[in-house]
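Here is what each chain is made of, one letter per residue.
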Amino acid sequence: MKLLVCGGAGFIGSAFVRRRLHQTADSIVVLDKLTYAGNLANLADIERDPSMAGRYRFVQGDIADPTIVVKLVTEADVDAVVNFAAESHVDRSILDAEAFLRTGVIGVHVLLEATRALAAERAANGKPAPRFLQVSTDEVYGSVPTGQSVETDLLAPASPYSAAKAAGELLVQAYRTTYGLDALITRGSNTYGPFQYPEKVVPLFITNALQGLPLPLYGDGLQRRDWLHVDDHADAIGAVLDRGEPGGIYNVPGTGERTNVDLTRTILAQLDKPWSLVRTVEDRAGHDRRYAMDGSRLAALGWSHQVAFEAGLAETVAWYRDHEAWWRPLLNADWADYYDRQYGKRLAESVPGA
Ligand code: NAD
Ligand code: DAU
């Protein structure tokens, strides 16, 4: 297949591109704006590998820009568009939501329009319809006190981030219903692994611990997340792209729930660092207490987890310890500004972690 992968220079998108080029004969164009979270270093191994480099091309650009999107979707006659592009950090959406809506709503609309035009052209020429896959999140369900979310549950997003993701999903579903677009959605769980920008809790706590800096644990630390290795997440998206029912929505759960306290203890133990680095700080506003999803619809496509949490986390911790040259340059002046806005007051008012 000929794929357009939007947001392919980010954490999960780059894993998808790497694994897809390795596992299939697909050719891939990556469209990425290279925001603070986009990083060409995440794709450097592909450019160096002659078995993959010839089937890969990078284009810098915005999914909300119709000129570039029409060229790469409609004129390029792609078989599928896979959209990872988004502003992805909940805390930043609480500080300023605008970019989340621009990319998550307008950007998704521009991609859908270009795919719709391509579908019409292909239908006129008797060619198969292009697929559209929107990478979404379990956060669209909102907090789940007990049980597990199933794909037919109502959406109840709590943060500006998850509201933007839910809005993008609703547009995708409207294009499926109104125009018959072959559009799919995946809802992934909390993902961890190599090449994750250090704002998210796993890489933040690993890189802070490596530097002897405090680990800012929100509230009581008893919020629960279901951790999913990035390679498993990427392969699940590949399975849905290849074998998903037209119009299907698929949960991608992790391998087991843990509280943030448990997660922090495991990271510190694997780094042989003391609990005294942990600081209890003011909670995230509107903090979802728990996410949990049922994965049977995805399992019916023949997908299953390959990475157990303890082993995956140990490998991730080792990766950050061995790849300081990847993460150190990310801790630049923009990072310091964000860190101060997000954690300055919180850390000044913090108490030792209980
Ligand atoms: P990320 O922040 O690491 O990467 C996002 C990428 O999108 C970056 O390369 C960025 O430059 C690019 N981008 C942002 N705005 C763009 C625009 N307007 N045009 C083109 N490119 C743009 O995010 P991630 O963690 O890899 O997440 C990828 C997707 O998966 C997101 O849609 C996110 O909502 C979803 N998701 C993430 C997780 C997780 O735990 N990280 C879990 C479930 C779902
Ligand atoms: O569930 C899927 C989602 O997972 C994705 O859609 C998002 O893109 C991704 O960012 C992630 O969202 P979370 O908000 O769950 O991830 P984050 O790493 O920001 O936080 C995980 C938990 O850790 C959450 O309960 C908040 C807590 N936390 C986070 C940070 C950054 C802390 O206690 N301290 C912190 O400094």
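Undergrad: In this structure, what is going on with the sheet that holds strand 13 (residues 278-281)? I would like to understand it.
TA: Sheet strands line up and pair through hydrogen bonds in the backbone, either parallel or antiparallel. Overall, mixed pairing links the 3 strands, which are arranged 8-13-14 in an open sheet. The open sheet has two edge strands with one neighbour each: strand 8 (215-218) and strand 14 (351-352). Seen against the sheet, helix 10 (residues 260-271) touches strand 8 and strand 13 and runs at an angle of roughly 160° to strand 8. Packing against the sheet, helix 14 (residues 333-348) makes contact with strand 8 and strand 13, and its axis sits at approximately 85° to strand 8.

Undergrad: Could you clarify how one ought to interpret the site of ligand 1 in this entry?
TA: Ile12, Asp32, Ser88, Tyr161 and Lys165 are the nearest of the 29 residues found near ligand 1. Within the side chain of Asp32, one N or O atom sits 2.6 Å away from an oxygen atom of ligand 1. Between ligand 1 and Asp62, the relevant distance is 2.8 Å, taken from a nitrogen atom to a side-chain nitrogen or oxygen of the residue. With the chains in place, 97% of the 840 Å² that ligand 1 exposes on its own is no longer accessible. Mapped onto the shell around ligand 1, the elements with two or more residues apiece are helix 1 (11-23), strand 5 (131-137) and helix 7 (160-179). Among the elements that line the shell around ligand 1, the one with the most residues is strand 5, at 3 residues. Each residue belonging to the shell around ligand 1 can be placed in one class, and the counts come to 11 nonpolar, 14 polar and 4 charged.

Undergrad: Would you take a moment to explain empty space enclosed by the protein for this structure?
TA: Empty pockets left among the atoms are what a rolling probe the size of a water molecule brings to light. Under the defined criterion, the tally for this structure stands at 2 cavities of 30 Å³ or more. Put simply, the second largest cavity is a space of about 50 Å³. Lining the second largest cavity are Val90, Glu139, Ala158, Ser159, Arg225, Arg284, Gly286, His287, Asp288 and Tyr291. Looking at the lining of the second largest cavity residue by residue, the class counts come to 3 nonpolar, 3 polar and 4 charged.

Undergrad: How should the nonpolar core be read in this particular structure?
TA: Nonpolar side chains in soluble globular proteins tend to end up buried together. Phe16, Val17, Val82, Phe84, Leu133 and Leu298 are the most contacted members of the largest nonpolar core, which has 34 residues in total. Contributing elements (two or more residues each) for this core: strand 1 (2-6), helix 1, strand 2 (27-32), strand 4 (80-83), strand 5, helix 9 (230-243) and strand 11 (249-252). Counting residues per element, this core draws most heavily on helix 9, at 7 residues. The contacts of Leu133, once residues within four sequence positions are left out, are Val81, Val82, Asn83, Leu184, Thr186, Ile237, Val240 and Leu241. Counting 33 residues, the second largest nonpolar core, distinct from the first, contains Val202, Phe205, Phe309 and Tyr343.

Undergrad: Help me out: how do you make sense of the layout of surface pockets in this one?
TA: Here the largest pocket defines a volume of roughly 290 Å³. Forming the walls of the largest pocket are Lys33, Thr35, Tyr36, Glu87, Arg92, Leu95, Asp96, Glu98, Ala99, Phe100 and Arg341. At the level of secondary structure, the elements contributing two or more residues to the lining of the largest pocket comprise helix 5 (90-95) and helix 6 (98-124). In terms of residue count, the dominant contributor to the lining of the largest pocket is helix 6 (3 residues). Split into classes, the residues belonging to the lining of the largest pocket amount to 4 nonpolar, 1 polar and 6 charged. Counted as a void, the second largest pocket has a volume near 160 Å³. If you go around the second largest pocket, the residues you meet are Asp91, Ile94, Leu95, Glu282, Asp283, Arg284, Ala285, Arg341, Gln342, Lys345 and Arg346. Counting residues per element, the ones that place at least two in the lining of the second largest pocket are helix 5 and helix 14.

Undergrad: For this particular structure, what's the right way to read helix 9?
TA: A turn of α-helix holds 3.6 residues, and therefore any two residues three or four places apart point the same way. Compared with the 20 Å implied by 1.5 Å per residue over 14 residues, the 20 Å span of helix 9 between its first and last C-alpha is a close match. Counted residue by residue, helix 9 has 11 buried out of 14 residues, so it is predominantly covered. For helix 9, the full list of buried residues reads Val230, Asp232, His233, Ala234, Asp235, Ala236, Ile237, Gly238, Ala239, Val240 and Leu241.

Undergrad: Help me out: how do you make sense of the site of ligand 2 in this one?
TA: Near ligand 2, the surroundings consist of 26 residues, among which Thr137, Asp138, Tyr161, Asn190 and Arg284 are the closest. Measuring from an oxygen atom of ligand 2, one finds a side-chain N or O atom of Tyr161 at 2.5 Å. Here an oxygen atom of ligand 2 and a side-chain polar atom of Asn190 are 2.7 Å apart. In isolation ligand 2 exposes 690 Å². Once the protein is present, 95% of that is buried. Secondary-structure elements contributing two or more residues to the shell around ligand 2 are helix 5, helix 8 (201-211) and strand 8.

Definitions and limits used
Residues numbered from 1 in each chain as written. Chains lettered and ligands numbered in written order. Predicted model: local features only at pLDDT ≥ 70, side-chain atom pairs only at ≥ 80, totals over all residues. Heavy atoms only, no water. Pairing = 2+ DSSP bridges. Helix = DSSP H or I, 4+ residues; strand = E, 2+ residues; numbered from the N terminus. Contact = heavy atoms within 4.5 Å. Axes fitted to C-alpha atoms, helices over the stretch in contact; angles between N-to-C directions. Near = heavy atom within 4 Å. Polar contact = N/O pair within 3.5 Å; in protein donor to acceptor, adjacent residues only side chain to side chain. Areas by Shrake-Rupley, 256 points an atom, 1.4 Å probe, with all protein chains shown as cover. Nonpolar A, V, L, I, M, F, W, Y, C, P; charged D, E, K, R; others polar. 1 Å grid on protein atoms, 1.4 Å probe; cavity = no way out; pocket = protein on both sides within 12 Å on 5 of 7 lines; lining within 4 Å. Points joined across faces, edges and corners; volume = space filled by probe spheres on them. Core = buried A, V, L, I, M, F, W, Y, C linked by side-chain atoms within 4.5 Å. Buried < 20%, exposed > 50% of the residue type's maximum accessible area, 1.4 Å probe, protein only. Expected span 1.5 Å × (residues − 1).

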